[in-house]
Amino acid sequence: MVEKLGLGSWWWVFLILAFLPLLIRFLPGRSKKDEFIYITSLPKILESEPKNKVYMIFGFAYSAWIFLMIALMRPVYHDTPIVIEQPHRDIILALDLSDSMEIMDMLDSEGHALRRIDVVKDQVREFILSRIRTNSNDRIGIILFSDQAHVLSPLTYDKGLLLNLTEEIDPKLASGPLTNISAAINMAISRFEEAGTNKKILILLTDGKNTVEGMTPAQAANNAANHDMKIYTIGFGSDTSTEDFDDDDNLSGGSAEIDENTLQAIAKITHGNYYRARDSKSLHNRYQEINFNETSEESPLSFQPDIELYQFPLLLSLLLSVATGVIVRRTNG
């Protein structure tokens, strides 16, 4: 849509009425007094005034009529379209920060050991970058959870800010050594409700199982389903099962046991999917698969404001009518 001038739906009336005065003026009548329009002052003008003055008076009157017809057509100006970037989806990334996320069972491209959390941070950044590359207008938020859940970033369009905040993710931010999956789900429900969106996606990543008493993850998932929330769950970590400390008191070696049954149940209850990721490459693929599944297909809303212009030709018509009356009055004395 572009800016343009519109003459409304009554243009055909203009074509008919615009030439009506000309027909009345030039069609011959039986006598001067029998013409279709008889103005008492005009015969005197026609007899005693120069033709150029008569033409001027008629031009003023005819112009007033034309502008009146234009005003009746209700011309409008179609202004620049306004695009409303409504969020198609709100996506929250919930990341496990329990102690096991410091286990160094991941490898970089050169074969060096990496902490799980470092691999997760890289893939979260890649997920956000992929939304930037596709010009997604979704909002994204980040929740971190261990014993409790807290918000690293509320839902926001500012994906550059999210990239910067991702750098700050570290298990040192955790509130304890345990894993509270239910708290993460309930926190996401609260944030979605505050945002007021209808399409709510939670991507929950953990390398273990719920170790906090109270509401179970299945109960939290049922609560999420009641709020129309979809949850994708990712079980992350290698298949080894031992945990050792090295000489620097850093966790290395095996993975905490992943409660796949619970993660599958959460996804099923909320009509999402469960994914298993064992290394950086598979985690990347899982995030990108979710990204593909949740790609926005709708076009942003837009509308084009219409500015009414009828008052301008109407004003000109009134001014020309007054001018015609004044000229005729002065001519007749």
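Here, the structure is the one placed above.
Every chain is numbered on its own, with residues counted from 1 as its sequence reads. Owing to the predicted nature of the model, reporting of local features is limited to residues with pLDDT of at least 70; listing and counting of side-chain atom pairs is limited to 80 or more, with chain, interface and lining totals taken over all residues. For side-chain calculations, the full set of non-hydrogen atoms in the structure is used, while hydrogens and water are omitted.

A. Quick look at the overall build of the protein chain. Counting secondary structure elements, the protein chain contains eleven helices and 15 strands. Buried means the residue's accessible area, taken with a 1.4 Å probe over protein chains only, is under 20% of the maximum for its type, while exposed means over 50%, and partly exposed covers the values in between. For the protein chain, the proportion of its 333 residues judged to be buried stands at 40%. If you take every contact in the protein chain between residues at least 6 apart in sequence, the share linking residues at least 24 apart comes to 79%. Each accessible area is a Shrake-Rupley estimate made with a 1.4 Å probe; only the visible protein chains count as cover when residues are assessed. When the accessible surface of the protein chain is summed, it comes to about 18500 Å², and 57% of that surface belongs to carbon and sulfur atoms. Per the convention used, a helix needs a DSSP run of H or I reaching at least four residues, while a strand needs a run of E reaching at least two, with both numbered from the N terminus. Contact definition: two residues touch when any of their heavy atoms are within 4.5 Å.

B. Main features of the nonpolar core. Ranked by size, the top nonpolar core spans 31 residues in total, and within it Leu95, Ile203, Leu205, Ile234, Leu283 and Tyr287 carry the most contacts. Of all the secondary-structure elements, those providing two or more residues to this core are strand 4 (90-96), helix 5 (116-133), strand 7 (139-145), helix 6 (159-166), strand 9 (200-206), strand 10 (229-236), strand 13 (274-277) and helix 10 (280-293). Here this core takes six residues from helix 5, the largest share from any one element. In contact with Leu283, other than residues within four places in its own chain, are Val119, Val120, Gln123, Leu205, Ile234, Phe236 and Ala277. As used in this record, nonpolar core signifies buried Ala, Val, Leu, Ile, Met, Phe, Trp, Tyr and Cys residues forming a set joined through side-chain atoms within 4.5 Å. Phe145, Leu155, Ile181 and Leu263 belong to the second-largest nonpolar core, a separate cluster that totals 25 residues.

C. A look at the packing of aromatic side chains. Aromatic rings from Phe, Tyr and Trp, with only the six-membered ring used for Trp, were paired whenever their centres fell within 6.5 Å, and each pair was classed as stacked if the ring planes differed by under 30 degrees, edge-to-face if by over 60, and tilted otherwise. Tallied over the entire structure, the rule returns two aromatic pairs. Plain terms: the ring middles of Phe127 and Tyr287 are 5.7 Å apart, the flat faces sit at 50 degrees to each other, and that makes the pair tilted. Taken together, the residues span a long stretch of sequence, with Phe127 in helix 5 and Tyr287 in helix 10 at a distance of 160 residues. The same class applies to Phe127 and to Tyr287, which are both buried.

D. Just the packing of helix 7 (residues 181-195) against helix 8 (residues 217-226), in detail. An axis is simply a line fitted to the C-alpha atoms; with a helix, the fit covers only the stretch in contact. Between two such axes, the angle follows the N-to-C directions and lies from 0 to 180 degrees. Here helix 7 crosses helix 8 at 15 degrees, and the two axes come no closer than 8 Å. When the axis of helix 7 is compared with that of helix 8, the two are roughly parallel. The crossing of helix 7 and helix 8 is left-handed. Packed against helix 7, whose contacting residues are Ile181, Ser182, Ile185, Asn186 and Ile189, the element helix 8 presents Pro217, Ala220, Ala221, Asn223 and Ala224 at the interface. When describing relative orientation, an angle under 35 degrees is termed roughly parallel and one over 145 degrees roughly antiparallel, while 65 to 115 degrees is termed roughly perpendicular and anything else oblique. Crossings are sorted by hand: turned counterclockwise from the far helix by less than a right angle, the near helix makes the crossing left-handed, and turned clockwise it makes it right-handed.

E. Layout of the sheet that holds strand 7. Read from one edge to the other, the open sheet built from six strands follows the order 8-7-4-9-10-13, with strand pairing classed as mixed. Either end of the sheet is taken by a strand with one partner, and the two such strands are strand 8 (149-156) and strand 13. For this sheet, the mean inter-axis angle between neighbouring strands, taken without regard to orientation, is 15 degrees. Any two strands with at least two DSSP-identified bridges between them are counted as paired. In terms of strand pairing, strand 4 meets strand 9 through six bridges, oriented parallel. Residue pairing across strands places Ile91 opposite Ile201, the latter belonging to strand 9. This element, helix 10, spans strand 4, strand 9, strand 10 and strand 13 of the sheet and lies at about 155 degrees to strand 13.

F. Here's a closer look at the packing of helix 8 against helix 9 (residues 260-269). In contact at an axis separation of 9 Å, helix 8 and helix 9 are set at 15 degrees when each is read in the N-to-C sense. Relative to helix 9, the element helix 8 lies roughly parallel. Remark: the crossing between helix 8 and helix 9 carries right-handed chirality. Counted together, Pro217, Ala218, Ala221, Asn222 and Ala225 of helix 8 and Thr262, Ile266 and Ile269 of helix 9 form the full contact between these two elements. Each residue receives one of three labels: charged for Asp, Glu, Lys and Arg, nonpolar for Ala, Val, Leu, Ile, Met, Phe, Trp, Tyr, Cys and Pro, and polar for the others, Gly being one of them. Partitioning the contact of helix 8 with helix 9 into residue classes produces six nonpolar, two polar and no charged.

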